[in-house]
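So the chains spell out like this:
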Amino acid sequence: MERPSFGTSIFIAGEEEQLWDEEVHQARAAGAEHLAVHLEYPPGNGRLRERQIRRLRNAAKGTKLLVEAPSSWPSLVTPHEGLLRLSLQELTDSLSVAAKLGAALFILRGGPNPFPHLRELGDGVARFAEGVRELLARSRQFGLPLAVENLARGFPSTAEELEGALALGLKLSLALDELGGSGEEVNALLKRFSARAVRVALGPLTSPLAAEVRDCRFAGFLTLEFPPNPARWGEVQESLRSLRELWAGA
């Protein structure tokens, strides 16, 4: 059976580049086959200097990179036009950085639902579609696939919202630890969308679902998402080993 690429998350945060190098080194030493890069660079992710981009690209040479849009700029469903424009600008700039890094995928989210107890987003869905069309046009210029990831207390979350996002031409990154907040049955959503997902993110608390991901015959990027604790690498290495054994025993 074809198996996924097993990888893990790394965090490009702050401005101490030696810490960036350490994130890449530790992840590769743990056996990661791809790296999901969380960009949280304070001056703005579109402002990474060419030297810093080269440094990151060289450190990760030979390993595929997936770039996660910064969590501080996910607001494509905001009712505030000015914030929407700022979000689109930062996402566009981050797309450019991802392309220069040679990323295999750029992952974004729609944003927090401004009405958390209601599924009706009103014009938010239309704003999301408008923003996505702009970003897709830019990502195609870069030759960089653009994916959307589900967000438990945000958009997209439900099966209907995920179907709508896919219909726009986006790829799908399925975050298993976010599925439980959708109000729908986690296993049903996994079975429905795993065949169409290019990435599945598996958090520490969702590891029992790994066997179900395997049984769905998922063969894309399977990323272990751990919090940015410097002491996490032993657990990451053990988890990657367990995933390999799980697929080998299928």
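Keep in mind that what you see is a predicted model, and the values were worked out from it rather than measured. (Residues numbered from 1 in each chain as written. Predicted model: local features only at pLDDT ≥ 70, side-chain atom pairs only at ≥ 80, totals over all residues. Heavy atoms only, no water.)

Caption draft 1: Spotlight on the pairing of strand S2 (residues 34-40). Most of S2 sits inside the fold, with six of its seven residues counted as buried. Inspection of the sheet shows strand S1 (residues 5-13) paired to S2 by six bridges, in the parallel sense. Each bridged residue has a counterpart across the sheet, and for Phe-11 the counterpart in S2 is His-38. Chirality of the crossover, the property in question, places the unit of S1, helix H1 (residues 17-29) and S2 among those that are right-handed. Of the strand pairs in this sheet, S2 and strand S3 (residues 64-68) are connected by five bridges, and their pairing is parallel. By the bridge assignment for S3, His-38 is matched with Glu-68. Following the chain from S2 across helix H2 (residues 50-59) to the adjacent parallel S3, one finds a crossover that is right-handed. (Buried < 20%, exposed > 50% of the residue type's maximum accessible area, 1.4 Å probe, protein only. Helix = DSSP H or I, 4+ residues; strand = E, 2+ residues; numbered from the N terminus. Pairing = 2+ DSSP bridges. Right-handed = clockwise from strand over helix to strand, strands pointing away.)

Caption draft 2: Seen up close, helix H7 (residues 186-193). Within H7, burial applies to Leu-189, Leu-190 and Phe-193. One side of H7 holds all its buried residues, which, seen down the axis, span an arc of 100°. Sitting at the head of H7, Glu-185 places a side-chain oxygen 3.1 Å from the backbone nitrogen of Asn-187. (Arc of directions from axis to C-beta. Polar contact = N/O pair within 3.5 Å; in protein donor to acceptor, adjacent residues only side chain to side chain.)

Caption draft 3: Looking closely at the nonpolar core. Formed by 66 residues in total, the largest nonpolar core has its most connected members in Phe-106, Phe-128, Leu-174, Leu-176 and Leu-222. Ranked by residues supplied to this core, first place goes to helix H3 (residues 81-100) with six residues. Excluding its chain neighbours within four sequence positions, the residues that come into contact with Phe-106 are Val-67, Ala-69, Leu-91, Ser-94, Leu-95, Ala-98, Leu-144, Pro-145, Leu-146 and Ala-147. In terms of nonpolar packing, the next biggest core, distinct from the first, is built from six residues, Ala-36, Leu-66, Leu-105 and Ile-107 among them. (Core = buried A, V, L, I, M, F, W, Y, C linked by side-chain atoms within 4.5 Å. Contact = heavy atoms within 4.5 Å.)

Caption draft 4: The arrangement of the pattern of salt bridges in detail. Taken as a whole and judged by the stated rule, the model has 21 salt bridges. The closest approach of N and O atoms between Glu-163 and Arg-192, which form a salt bridge, is 3.2 Å. Remark: Arg-192 occurs in helix H7 and Glu-163 occurs in helix H5 (residues 159-167); sequence separation between them is 29 residues. We classify Glu-163 as partly exposed; its relative accessible area is 24%. You can call Arg-192 partly exposed: its relative accessible area is 43%. (Salt bridge = Lys/Arg side-chain N within 4 Å of Asp/Glu carboxyl O.)

Caption draft 5: Region of the structure containing H1. Over its 13 residues, H1 runs 18 Å from end to end, which matches the ideal 18 Å to within 8%, given 1.5 Å per residue. Of the residues making up H1, those classed as buried are Glu-17, Trp-20, Glu-23, Val-24 and Ala-27. All buried residues of H1 project into a common sector of 110° when viewed along the axis, lining one side. Facing away from the buried surface of H1 by more than 90 degrees, the exposed residues are Gln-18 and His-25. Where the residues of H1 are buried, they touch S1, S2, H2 and helix H9 (233-248). Positioned one or two residues after H1, Gly-31 has a phi angle of 100°, which is positive. (Expected span 1.5 Å × (residues − 1).)

Caption draft 6: How the structure looks around the side chain of Ser-139. When you line up the elements, Ser-139 lands in helix H4 (residues 124-142). You can call Ser-139 buried: its relative accessible area is 2%. Apart from residues lying up to four places away in sequence, Ser-139 is in contact with Leu-95, Leu-144 and Leu-146.

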